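# Structural description and commentary
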Amino acid sequence: MNTTAQAVAPTAPSSAFADPLGMSAAQDRSAVLEELILKNPGHFRVLTGDRPTGRLHLGHYFGTLHNRVRLQNLGVEMYVIIADYQVLTDRDIADNLTEHVEELVLDYLAIGVNPARSTIFTHSAVPALNQLLLPFLSLVSVADLERNPTVKDEIAHSRQSTVSGLMFTYPAHQAADILFCKANLVPVGKDQLPHLELTRTIARRFNDRYSAGSAVFPRPDALLSNAPLLLGTDGGKMSKSRGNAITLAADADETARLIKGAKTDSERHIAYDPASRPEVSSLLLLAALCQNRTPEQIASDIGSAGAAALKKTVTEAVNEYLAPIRARRSEYANDRTYLREILREGNERANAVADKTLAEVRAAMNSRY
Ligand code: ATP
Ligand code: MG
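Residues numbered from 1 in each chain as written. Chains lettered and ligands numbered in written order. Predicted model: local features only at pLDDT ≥ 70, side-chain atom pairs only at ≥ 80, totals over all residues. Heavy atoms only, no water.

## Regarding the domain arrangement of the chain
- Assigned domains of the chain: these are domain 1 (25-229 + 336-364) and domain 2 (252-333).
- For domain 1 versus domain 2, the distance between C-alpha centres works out to 29 Å.
- Each partner contributes to the interface: domain 1 provides 15 residues, whereas domain 2 provides twelve residues.
- Of the roughly 1,300 Å² buried between domain 1 and domain 2 on both sides combined, carbon and sulfur atoms contribute 67%.
- In terms of surface lost to domain 2, no three residues of domain 1 exceed Leu58, Phe62 and Ala110, which account for 41% of the buried area on that side.
- Where domain 1 touches domain 2, the interface holds two salt bridges.
- A salt bridge links Arg329 to Asp107; its shortest N-O distance comes to 2.6 Å.
- Where domain 1 packs against domain 2, one counts four residue pairs in polar contact (both at pLDDT 80 or more).
- Taken together, the elements giving at least two residues each to the side of domain 1 that touches domain 2 come down to helix H2 (58-74), helix H3 (97-111) and helix H14 (336-364).
- If one sorts the elements of the side of domain 1 that touches domain 2 by residue count, H3 sits on top with six residues. (Domains from an automatic or database assignment. Contact = heavy atoms within 4.5 Å. Buried area = accessible area lost by both parts, 1.4 Å probe. Salt bridge = Lys/Arg side-chain N within 4 Å of Asp/Glu carboxyl O. Polar contact = N/O pair within 3.5 Å; in protein donor to acceptor, adjacent residues only side chain to side chain. Helix = DSSP H or I, 4+ residues; strand = E, 2+ residues; numbered from the N terminus.)

Okay, structure coming up:
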């Protein structure tokens, strides 16, 4: 794999991105991107990642993980960041960090991320990446940071007594995560769209201010899946840290128990109507994704059999779909040394790329001494 910063894919055309924060514009754009990827996977470089705050769940899987593996297998170059600094955005201490980091690597291996083809690395181990934060912060206004709807939602769910500076600034940090390797494609869930827009703004402003004529950074695109916002058992966004998730690592019984307790509504007839019946529709979508069918087909099978029948269908679909992933996960779990080796190698590759990009940035800013 070529990991040099020079081997950068051109920025994908972005004229379709008229309504940057809107879901429907992002979905239309994703459809265009899918065609471009199929035609020329070598023109894309992906940055994607997760916070080590717990085990990965079905929201991750159908929101982004499935896309990551698909892209990797199509031949797209991929960097997967374990965003350990970002754990501190909404809590004072990063509890059980080492364990969470290893569990993420396990989840990646289980779903099919191949460390020989994709670079898995940790945020804190790549100092040059983190140095990009300072010039990037100088390119955003306080108003840019304050208006971010995802940050507002996360503040509402934060475990901190006061909102830290890191909470407001982490979307700029995320721009550094994406741009350090000049990624032009980011497979994400809906919550990340405002962050992606800020990254595009930072890339444009950096290029305008410091490198007129020859762009240092591409303007990356978000790639949404068919499930950009899977709901958790409480009806809110399924999240690692909100106690509402069905994890990839859960066993079949725990999965059944969690789905049994999921919020639905009182209507007995089951129908797919995301706008007015979000919880029932999210469950239908989940079963549909597992069985490669449409949510409407699943709904018509269930008809008026009610929420209990829906939950039974979803449980069976999820457990069947996840069985091989869970089996692979248990196998890898026995070899912690291998997990560490993956991170060591990934950090080495990421550092080489980050050093090169930082050197370009310093040259563009006239700060090479
Ligand atoms: P936390 O609660 O600790 O923030 P999280 O569950 O929100 O954890 P992240 O690590 O913040 O997970 O997100 C990782 C990636 O997974 C992002 O691209 C995000 O958009 C996607 N994602 C997370 N939750 C969902 C969901 N419920 N549906 C679709 N995509 C999701
Ligand atoms: Mg999150």
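There's plenty left to go through after this.
## Points about helix H13 (residues 306-333)
- In this model H13 runs 39 Å from its N-terminal to its C-terminal C-alpha over 28 residues, within 8% of the 40 Å that 1.5 Å per residue would give.
- Most pronounced at Ala323, the bend in H13 amounts to some 45 degrees, and the proline Pro324 follows within four residues.
- The inward-facing, buried residues of H13 contact H2, H3, helix H10 (252-260), helix H11 (278-291) and helix H12 (295-302). (Expected span 1.5 Å × (residues − 1). Bend = angle between axes of the 7 residues up to and from the residue.)

## Examining the site of ligand 1
- Among the 22 residues in the neighbourhood of ligand 1, the closest are listed as Thr53, Asp191, Lys237, Lys240 and Ser241.
- Contacts to ligand 1 include Met238, whose backbone N or O atom sits 3.0 Å from a nitrogen atom.
- Protein burial of ligand 1: of its 600 Å² of free accessible surface, 95% is covered by the chains.
- Of all the elements in the fold, those that place two or more residues in the shell around ligand 1 are strand S1 (45-50) and H2.
- With four residues, H2 is the single largest residue contributor to the shell around ligand 1.
- In terms of residue class, the shell around ligand 1 is built from six nonpolar, eleven polar and five charged. (Near = heavy atom within 4 Å. Areas by Shrake-Rupley, 256 points an atom, 1.4 Å probe, with all protein chains shown as cover. Nonpolar A, V, L, I, M, F, W, Y, C, P; charged D, E, K, R; others polar.)

## Let's talk about the pairing of S1
- Across the six residues that make up S1, a large majority, five, are buried.
- Taken together, the six bridges between S1 and strand S2 (residues 77-82) define a ladder with parallel strand orientation. Looking at S2, one finds that Asp50 is bridged to Ile82.
- Each parallel crossover has a hand, and the one from S1 via H2 to S2 is right-handed. (Buried < 20%, exposed > 50% of the residue type's maximum accessible area, 1.4 Å probe, protein only. Pairing = 2+ DSSP bridges. Right-handed = clockwise from strand over helix to strand, strands pointing away.)

## Observations regarding the side chain of His195
- Position of His195 relative to the elements: it lies in helix H9 (residues 193-210).
- With a relative accessible area of 0%, His195 lands in the buried category.
- There is a polar contact of 3.0 Å between the side chain of His195 and the side chain of Asn148.
- If we ignore the near neighbours within four places in the chain, the residues touching His195 are Asn148, Thr150, Val151, Tyr170, Pro171 and Gln174.

## Considering the packing of H3 against H14
- Contact geometry of H3 with H14 gives a least axis separation of 10 Å together with a crossing angle of 90 degrees. In this view, H3 runs roughly perpendicular relative to H14, as classed from their interaxial angle. Along its contact with H3, which presents Thr98, Val101, Glu102, Glu103, Val105, Leu106 and Leu109, the element H14 presents Arg336, Tyr338, Leu339, Arg340, Ile342 and Leu343.
- Per-class residue counts for the contact of H3 with H14 are eight nonpolar, one polar and four charged. (Axes fitted to C-alpha atoms, helices over the stretch in contact; angles between N-to-C directions. Parallel < 35°, antiparallel > 145°, perpendicular 65-115°, else oblique.)

## Thoughts on the nonpolar core
- Counting 57 residues, the largest nonpolar core has Leu58 and Tyr108 as the members making the most contacts within it.
- Taken together, domain 1 (25-229 + 336-364) and domain 2 (252-333) each give at least three residues to this core, which thus spans both.
- Every residue in contact with Leu58, bar those within four places of it in the chain, is listed here: Gly63, Leu230, Met238, Ile246, Leu248, Leu286, Val318 and Leu322.
- Grouped together as the second largest cluster of nonpolar side chains are 40 residues, Ile81, Phe121, Phe136 and Phe180 included. (Core = buried A, V, L, I, M, F, W, Y, C linked by side-chain atoms within 4.5 Å.)

## As for the environment of Tyr332
- With respect to the helices and strands, the residue Tyr332 is situated in helix H13.
- By relative accessible area, which is 29% here, Tyr332 ends up partly exposed.
- In sequence terms Tyr332 and Asp107 are 225 residues apart; their C-alpha atoms lie 9.3 Å from each other.
- Setting aside chain neighbours within four positions, we find Tyr332 in contact with Leu106, Leu109, Ala110 and Tyr338.

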